[in-house]
Amino acid sequence: MSRYEPSVIEPKWQAAWDEAKTFEASRSEDKPKYYVLEMFPYPSGRIHIGHVRNYTMGDVIARYKLSTGHNVLHPMGFDAFGMPAENAAMASGGHPKDWTYSNIDTMVGQMKPLGFGLDWSRMFATCDPEYYGQQQALFLDMLDKGLVYRKNAVVNWDPVDMTVLANEQVEDGRGWRSGALVERRELTQWFFKISDMSDELLSALDTLDDWPAKVKTMQANWIGRSRGLQFAFSTVDAPEAFDRIEVYTTRPDTLMGASFLGISPDHPLAKALEKDNPEVAAFCAECRKGGTTEEAIETAEKLGFDTGLTVRHPFDTSWELPIYIANFILMDYGTGAIFGCPAHDQRDHDFCTKYGLPIVDTFLPVEGDWDIQKEPFVPTKVEKVRYTRGFAGDEVQTGNDAIDAAIAFCEGQGVGQGVTKFRLRDWGLSRQRYWGCPIPVVHCDDCGVVPEKKENLPVRLPDDVSFDVPGNPLDRHPTWRDCACPSCGKPAKRETDTMDTFVDSSWYFARFTAPRAGTPTDLADAEYWMNVDQYIGGIEHAILHLLYSRFFARAMNITGHLPEKCKEPFNALFTQGMVTHAIYKRDDPQTGRPVYFYPEQVELKDGKAFSKEDGGALDTIPSAKMSKSKNNVVDPMAIIATYGADTARWFVLSDSPPERDVEWTAAGAEAANKHLARVYRIAAEVAELDAPANDQDEALLREMHKAIHDVTQGVESFGFNASIAKLYGFTNTLSKSKAGAAAKREAAKTLAQLMSPMTPHLSEEVWALLGGEGLIANAPWPVADEAMLVEDTVTLPIQINGKRRAEISVPKDMPKDEVEKLALSNDAVVKALDGASPKKIIVVPGRIVNVVI
RNA sequence: GCCCGCGUGGUGGAACGGUAGACACAGGAGACUUAAAAUCUCUAGGCCCUAGGCCGUGCCGGUUCGAAUCCGGCCGCGGGCACCA
């Protein structure tokens, strides 16, 4: 009998699938279609065990759907533009293009041996001119429909390198290379008008029934719809054109508790004052230090500057409030001006305490005391509170009711109006970098900003660029910028900004439906294949990528590139966890710096780690995100070389639920491999078995049908770990069964089929061994016989006061009162009752009996 | 700082509000073997001497006949915060 040899069988079956074009998708109306997609990878160099897990999940779905009679589209590509390619070019002198395509070659070469059922004929990289040229066409159509515009926006500016930095290139407020203090600087940038769709993007979340609730919550909070009052304070002695300052507040009910007016350092008034007041200029300059992230702004020390100017309170013109410039007020949100109410807001409370401004309550708890000077009173808006300085509605009311009443009152008084605002900002797509899709517009002295003609697309990136100095190579290229104005034909200059790589990933799923089309999409193909039936990817993309894709799908509908039904392009979403691995380290006694050990340098004894080299004890950090610098990255290629692809696939799906992180352990991989070898051995035995049918057959076949049922349910509901647990159990049953050869062969073939989405190579081999017809990949998925699933008797636990004390075995459909009688006659119950009668008996049919004493 | 998750034996984890710990790893005992590997069988949350009982799902409280599960508060860890992808 032969052994389980993955290195022999895996290439064999991969060749067989290629030969039969098993996974090449083509349109045909005779079967329902199914589009399964995993978020495509960034070509970082080598595939990661996390990729293996992600793509294996998608592959399980794809193979399962294929065997349930679907026309499956399961494509793969690369999200190939982005900063790491430029960083590599800066570090080691190559070209981003060479680096990227060489990485793609490597990664494809690593993915193929894993046996994923992918349609490789559709593969593309977003840096292919064929792809980004179509993206430029899409951009021009969006420009034409008014979905793109230019405005000023702040960027991280490195004053030493004279270049724009990405957020991740800013460390503790300093540029990562120069170490210079980063400043926020305004540049003219291109924007997508995603905010026009705020309301729609929010309300349509309700239609996404098969998306995780947490993702929808995150998106809803991100879009951040709020209702509030917008009104103006009139100023006292302010510069010309600033006699009124518009503010937006979500708490107009606290208007009588206002202590100051706060404006953003980027507010027009601040900018006006800055011009001839050096103190204001110095303060605003101070505020502009640091990075652009919300995190940096929110966690920075709250600073304010008293302008000396005041505004009049709208309800009492003799009441004047000081105008402060404050570093925590964002120009992007609302009107860039707020009124501060320290009694009911922690930040305002801190601010007023710091600058000695009055703290006046507008409401207090319905009962009890509150020292408002010491601590702000910030109840939720659904709680009832007692208004001490209310001006609308009841004295005791909820915050929500008070807000509604306040808006109505103010509108009646002619003080502002109720408005709905969103937190969502327009999507800035300009990047001052080389390795991205060029924005296809031209700057002409006479005609202004002019779109490039479609027949001139793609606007290709030049190859002759260098990365020896900071900044955008397109800016300093000797000739690339020079072109003719598409409108008047005079010499003009190309736009040198390229697109955010999120643009590339916002429509690739649509492109996969017709990857070689001469237009961004082919409507007939999109109509057939869209939407993505199952999208799989990391939770880290919960907001930006998924929101931008939802926006793009709508924009592509408006520009005629996608049908109406694609406005929500992902029918179902699954967010998978990471693959983690322990970190082994110890501090170097000389330098005190941590030294990281590779798993193969580590010896494990009684759960403790020691260096193989010198036997010294090591610290273990369990379940850490894999990171090259921590030496805890597991290379899938090494796993394949040792155990084969099926072992890697089986392992990443077992144990942990897919949405949770899974820890890679050598022991776990070893165990997975042993199990697969065992399945092979059992199948080989069964193939040679020659035993007559007997009374054990039915028990085995019953278990087989239960396995079909449970495994199928696991696959359908992303419970792959549950499917695998069931498969372990069924393997044990089969191994121990004394049933006849025919029944055991049927069971073994079914086992192979149930395993085939996870371990396709082994399954094909077992299938062939047992005389299965054709490829198991094409064999119809087994269907559980309902009659075989029904149990005649059930075991009911008996609880006394909620604690399990006994169990009884009863016929499945025994009436409640008979179960009750049986329970009461149970020894444990009789003993516990000790002659008394129970207070209550709860019988949940088929589940449990609880006797309350 | 803000938003969203997660927390169960030595380990990964299972469990429609209904027998907590399925399945697996590591461990223990045994079979086979000259021996080892491989394989197979049994065992296994903790505590108490056992019958049996007590304690146990990060911590504190609540709802319920019954809570890992629902609610409130805390602690710890992770993801995101608009130029990492």
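It should be emphasised that the depicted structure is a prediction, and the values quoted were computed from it without experimental measurement. (Residues numbered from 1 in each chain as written. Chains lettered and ligands numbered in written order. Predicted model: local features only at pLDDT ≥ 70, side-chain atom pairs only at ≥ 80, totals over all residues. Heavy atoms only, no water.)

Focus on the packing of aromatic side chains
This is how it is decided: In this scheme Phe, Tyr and Trp rings, the latter by its six-membered ring, pair at centre separations within 6.5 Å, and the angle between planes marks the pair as stacked below 30 degrees, edge-to-face above 60, and tilted otherwise. We call a charge positioned over a ring when the NZ of a Lys or the CZ of an Arg lies within 6 Å of the ring centre and within 35 degrees of the ring normal.
Taken as a whole and judged by the stated rule, the model has 47 aromatic pairs. Aromatic ring contacts, followed pair by pair, group Phe 40, Phe 124, Tyr 131, Trp 507, Tyr 508, Phe 509, Phe 512, Tyr 535 and Phe 570 into a single cluster. The ring of Trp 120 carries Lys 112 above its face, with NZ or CZ at 5.2 Å from the centroid. Taking the ring centre of Trp 480 as reference, the NZ or CZ of Arg 494 above it sits at 6.0 Å.

What about the sheet that holds strand S26 (residues 573-576)?
The criterion, for reference: The pairing criterion for strands is at least two bridges between them, as found by DSSP. In this description a helix means any DSSP run of H or I spanning at least four residues, a strand means any run of E spanning at least two, and both kinds are numbered starting from the N terminus. Every axis corresponds to a line fitted to the C-alpha atoms, with the helix fit spanning only the stretch in contact, and the corresponding angles, defined between N-to-C directions, vary from 0 to 180 degrees. Should any heavy atoms of two residues lie within 4.5 Å, those residues are counted as being in contact.
Pairing within the open sheet is parallel, and its four strands lie in the order S2-S1-S25-S26. Looking along the sheet, the strands with just one partner apiece sit at the ends: strand S2 (71-73) and S26. Recorded for the sheet is a direction-independent mean angle of 20 degrees between the axes of neighbouring strands. Strand direction decides the pairing type here: strand S1 (residues 33-38) and strand S25 (residues 534-538), joined by three bridges, are parallel. Paired with Val 36 across the two strands is Gln 534, which belongs to S25. Against the sheet, helix H2 (residues 49-67) makes contact with S1, S2, S25 and S26, and its axis sits at roughly 170 degrees relative to S1, the strand it touches most.

What to know about the pattern of salt bridges
Note the following rule: What makes a salt bridge here is a side-chain nitrogen of Lys or Arg within 4 Å of a carboxyl oxygen of Asp or Glu, nothing more. The classification of residues rests on relative accessible area computed with a 1.4 Å probe and restricted to protein chains. Under 20% of the type maximum is buried, over 50% is exposed, and intermediate values are partly exposed.
Tallied over the entire structure, the rule returns 34 salt bridges. Linking Glu 698 and Arg 702 is a salt bridge whose minimum nitrogen-to-oxygen distance equals 3.0 Å. With Glu 698 and Arg 702 both in helix H21 (residues 697-716) and four residues apart, the pair spans about one turn of that helix. Arg 702 gets classed as partly exposed once you look at its relative accessible area, which sits at 24%. Beyond isolated ion pairs, a larger network of salt bridges with shared partners links Glu 200, Arg 550, Arg 554 and Glu 568.

Thoughts on the protein's contact with RNA strand B
Quick reminder of the rule: We call a residue near a molecule or strand as soon as one heavy atom of that residue lies within 4 Å of the molecule or strand. A 3.5 Å cut-off defines polar contacts: any pair of N or O atoms within that distance qualifies, except that in protein one atom must be a possible hydrogen donor and the other a possible acceptor, and neighbouring residues in sequence count only when both atoms are side-chain atoms. Under the scheme applied here, ten amino acids are nonpolar (Ala, Val, Leu, Ile, Met, Phe, Trp, Tyr, Cys and Pro), four are charged (Asp, Glu, Lys and Arg), and all others, including Gly, are polar.
Surrounding RNA strand B, one finds 67 residues, the nearest of these being Asn 167, Arg 433, Arg 678, Arg 847 and Asn 850. Arg 847 places a polar side-chain atom, nitrogen or oxygen, 2.9 Å from a base nitrogen of RNA strand B. Split by residue class, the surface near RNA strand B holds 23 nonpolar, 18 polar and 26 charged.

Some details on the sheet that holds strand S20 (residues 441-444)
A sheet is described by the order of its strands in space; here four strands give the open sequence S21-S20-S23-S22, paired in antiparallel fashion. Two strands close off the open sheet at either side, each with one partner strand: strand S21 (448-451) and strand S22 (482-484). Between one strand axis and the next, the sheet turns by 45 degrees as a mean value, whatever way the strands run. Relative to strand S23 (residues 491-494), S20 runs antiparallel, the two sharing two bridges. Its bridge partner being in S23, Val 442 is matched across the sheet by Arg 494.

Notes on unusual backbone geometry
The omega torsion of the bond from Leu 457 to Pro 458 falls at -5 degrees, within 30 degrees of zero and hence cis. Across the junction of Met 530 and Asn 531, the peptide omega takes the value 5 degrees, indicating a cis bond. In this model, Asp 172 sits at a positive phi of 50 degrees, which is unusual for a non-glycine residue. Along the polypeptide, Asp 172 turns up in the loop between strand S5 (170-171) and strand S6 (174-175). The backbone of Asn 801 sits at a positive phi, close to 50 degrees, despite the residue not being glycine. Mapped onto the secondary structure, Asn 801 falls in the loop between strand S33 (793-800) and strand S34 (803-811). Take Asn 801: its relative accessible area is 44%, and that puts it in the partly exposed class.

Focus: the nonpolar core
Going by this rule: Among buried residues, the Ala, Val, Leu, Ile, Met, Phe, Trp, Tyr and Cys ones that are joined through side-chain atoms within 4.5 Å form a nonpolar core.
By size, the foremost hydrophobic cluster in this structure holds 157 residues, and its most contacted members are Phe 139, Phe 192, Tyr 508 and Phe 552. Broken down by element, this core gets its largest block of residues, nine residues, from H2. Counting residues in each nonpolar core, the second largest holds 34 residues, with Phe 233, Leu 255, Ala 406 and Ile 407 among its members.

A few points about helix H7 (residues 213-223)
What counts, and what does not: The directions considered for the arc run from the helix axis to the C-beta atoms.
Burial in H7 covers these residues: Val 215, Lys 216, Gln 219 and Ile 223. All buried residues of H7 lie within an arc of 100 degrees about the axis, which places them on one face of the element. Counted as exposed and oriented over 90 degrees from the buried face of H7: Ala 213 and Asn 221. Summarising the contacts, the buried residues of H7 are in contact with helix H6 (198-203), helix H17 (544-558) and S26.

Remarks on the packing of H21 against helix H23 (residues 741-755)
Let me state the cut-off plainly: To sort the angles, those under 35 degrees are grouped as roughly parallel, those over 145 as roughly antiparallel, those from 65 to 115 as roughly perpendicular, and the leftovers as oblique.
At a minimum axis separation of 10 Å, H21 and H23 run at an interaxial angle of 10 degrees. Comparing the axis directions of H21 and H23 gives the class roughly parallel. When H21 is examined against H23, the residues Asp 697, Leu 700, Leu 701, Met 704, Ala 707, Ile 708 and Val 711 are found in contact with a partner set consisting of Ala 743, Lys 744, Glu 746, Ala 747, Thr 750 and Leu 754. By residue class, the composition of the contact of H21 with H23 is nine nonpolar, one polar and three charged.

Structural notes on empty space enclosed by the protein
The cut-off we apply is this: Here a cavity means grid points, on a 1 Å grid over the protein atoms only, where a 1.4 Å probe fits yet cannot get out; a pocket means an open set of points with protein on both sides within 12 Å along at least five of seven lines; lining residues are those with an atom within 4 Å of a point. Grid points are joined across faces, edges and corners, and a volume is the space filled by probe spheres set on the points.
Scanning the entire structure with this criterion turns up two cavities of 30 Å³ or more. What lines the largest cavity is Trp 17, Phe 23, Arg 63, Leu 66, Ser 67, Ser 756, Pro 757, Pro 760, Glu 764, Ile 776, Ala 777 and Trp 781. For the lining of the largest cavity, the secondary-structure elements that each account for two or more residues are H2 and helix H24 (760-769). No other element matches H2, which puts three residues into the lining of the largest cavity. Counted by class, the lining of the largest cavity contains eight nonpolar, two polar and two charged residues. The space that makes up the second largest cavity amounts to roughly 40 Å³. In terms of lining residues, the second largest cavity is bounded by Asp 253, Tyr 387, Gly 390, Phe 391, Ala 392, Gln 397, Ala 402 and Ala 406.

A closer look at the pairing of strand S12 (residues 316-326)
As paired elements, strand S10 (residues 260-263) and S12 share three bridges and run parallel to each other. Residue pairing in the sheet places Leu 261 in a bridge with Ile 323 of S12. Of the strand pairs in this sheet, strand S11 (residues 304-313) and S12 are connected by seven bridges, and their pairing is antiparallel. Considered in S12, the bridge of Thr 310 is made with Pro 322. In sequence, S11 turns back onto S12 through a hairpin of two residues.

A short note on the confidence of the model for chain A
Worth spelling out the cut-off: What pLDDT conveys is the predictor's confidence in a given residue, as a value from 0 to 100.
Per-residue confidence for chain A gives a mean pLDDT of 90, with 94% of residues at or over 70. Prediction confidence for the complex, expressed as pTM and ipTM, is 0.92 and 0.93 respectively.

Quick look at the environment of Glu 320
Mapped onto the elements, Glu 320 comes out in strand S12. As for Glu 320 and Leu 147, which are separated by 173 residues in sequence, their C-alpha atoms are 43 Å apart. Glu 320 has contacts with Val 236, Thr 310, Val 311 and Arg 312, leaving out every residue within four places of it along the chain. Only 2.9 Å separates the side chain of Glu 320 from the side chain of Thr 310, close enough to count as a polar contact.

With respect to the side chain of Lys 421
The criterion, for reference: The charge count treats Lys and Arg as positive and Asp and Glu as negative. His and the chain ends do not count.
Relative to the elements of secondary structure, Lys 421 occurs in strand S17 (residues 417-421). No salt bridge is formed by the buried Lys 421; the nearest opposite charge belongs to Glu 246, separated by 7.5 Å. A polar contact is formed between the side chain of Lys 421 and the side chain of Gln 230, at a distance of 3.0 Å. Other than its neighbours up to four places away in sequence, Lys 421 contacts Gly 224, Arg 225, Ser 226, Gln 230, Tyr 248 and Gly 334.

What about the side chain of Thr 335?
Of note, Thr 335 is situated in the loop between S12 and strand S13 (337-340). Residue Thr 335 is classed as buried on the basis of its relative accessible area, which comes to 16%. At 2.8 Å, the side chain of Thr 335 forms a polar contact with the backbone oxygen of Glu 246. A polar contact is formed between the side chain of Thr 335 and the backbone oxygen of Ala 337, at a distance of 3.3 Å. Each residue touching Thr 335, except ones within four places of it in the same chain, is listed here: Gln 230, Glu 246, Val 247, Tyr 248 and His 267.

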